[in-house]
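The lines below spell out each chain.
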Amino acid sequence: NVSRVTFTVGAPGATAEVWTAGSSVTSLPSVSNSAPPGFVKQGTKTNVGSSVEVTFAKSVNTRYVMVWFTSLPHQDAGQFSSAGYRDSLANVKIFS
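To keep things clear, this report deals only with the structure shown in the data block.

The rules we used
Each residue is numbered by its place in its chain's sequence as written, counting from 1. In keeping with the model being predicted, local features are shown solely for residues with a pLDDT of at least 70 and side-chain atom pairs are shown and tallied solely at 80 or more, while totals for entire chains, interfaces and linings include all residues. Here the side-chain values reflect all heavy atoms present in the structure, with hydrogen atoms and water set aside. Strands qualify as paired when DSSP identifies two bridges or more between them. Each helix is a run of H or I in the DSSP string that is no shorter than four residues. Each strand is a run of E no shorter than two, and both are numbered from the N terminus. Lines are fitted to the C-alpha atoms to define the axes, a helix being fitted only along its stretch in contact, and any angle between axes, read from their N-to-C directions, falls within 0 to 180 degrees. For the purposes of this section, nonpolar cores are sets of buried Ala, Val, Leu, Ile, Met, Phe, Trp, Tyr and Cys residues that join through side-chain atoms within 4.5 Å. Relative accessible area decides the class of each residue, using a 1.4 Å probe on protein chains only: under 20% of the type maximum gives buried, over 50% gives exposed, and in between gives partly exposed. Contacts are assigned to residue pairs that have any heavy atoms within 4.5 Å of one another. One side-chain nitrogen of Lys or Arg within 4 Å of one carboxyl oxygen of Asp or Glu is enough to make a salt bridge.

This part is about the sheet that holds strand E2 (residues 15–21). Paired through their backbone hydrogen bonds, the strands of a sheet run either parallel or antiparallel. Read across the open sheet, the three strands follow the order E3-E2-E5; overall the sheet is antiparallel. Strands at the two margins of the open sheet, each flanked by one partner only, are strand E3 (39–45) and strand E5 (65–71). Each strand of the sheet is rotated relative to its neighbour by a mean of 25°, with strand direction disregarded. Bridge count between E2 and E5: six bridges; the pairing is antiparallel. Bridge pairing in E5 links Thr-15 to Ser-71.

The nonpolar side chains of soluble globular proteins are, as a tendency, buried together. Counting 12 residues, the largest nonpolar core consists of Val-2, Val-5, Phe-7, Val-9, Ala-14, Ala-16, Val-18, Val-48, Val-52, Val-54, Phe-56 and Val-60. Mapped by element, the contributors of at least two residues to this core are strand E1 (2–9), E2 and strand E4 (51–60). Setting aside its immediate chain neighbours within four residues, Val-48 contacts Val-9, Pro-12, Gly-13 and Ala-14.

So, about the pattern of salt bridges. Within this structure, the stated rule accounts for two salt bridges. In this structure, Glu-53 engages Arg-4 in a salt bridge whose closest nitrogen and oxygen atoms are separated by 3.5 Å. Residue Glu-53 is located in strand E4, and its partner Arg-4 is located in strand E1; the two are separated by 49 residues in the primary sequence. On the basis of relative accessible area, Arg-4 is assigned to the partly exposed category, the value being 26%.

This is the structure we're talking about:
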């Protein structure tokens, strides 16, 4: 069972959603511009800081957890990248 997800992002300002798969999902589907079939949104965090915590309203039994960025912060050009909308995801922890 999963009841909480924490993670860090590289740049503040994003909007991130956490989704979980229902028991009918037995393999990871592809994702395009909408939630994959069988996934349920567990929470949304807007204008996130560097550390993010999403606590579910109810613990769920799931095989897959998806963190989905629906809005990204603009970042200036760096040594290895051009300016644009992007972020990074790290230190993902899933709690029961």
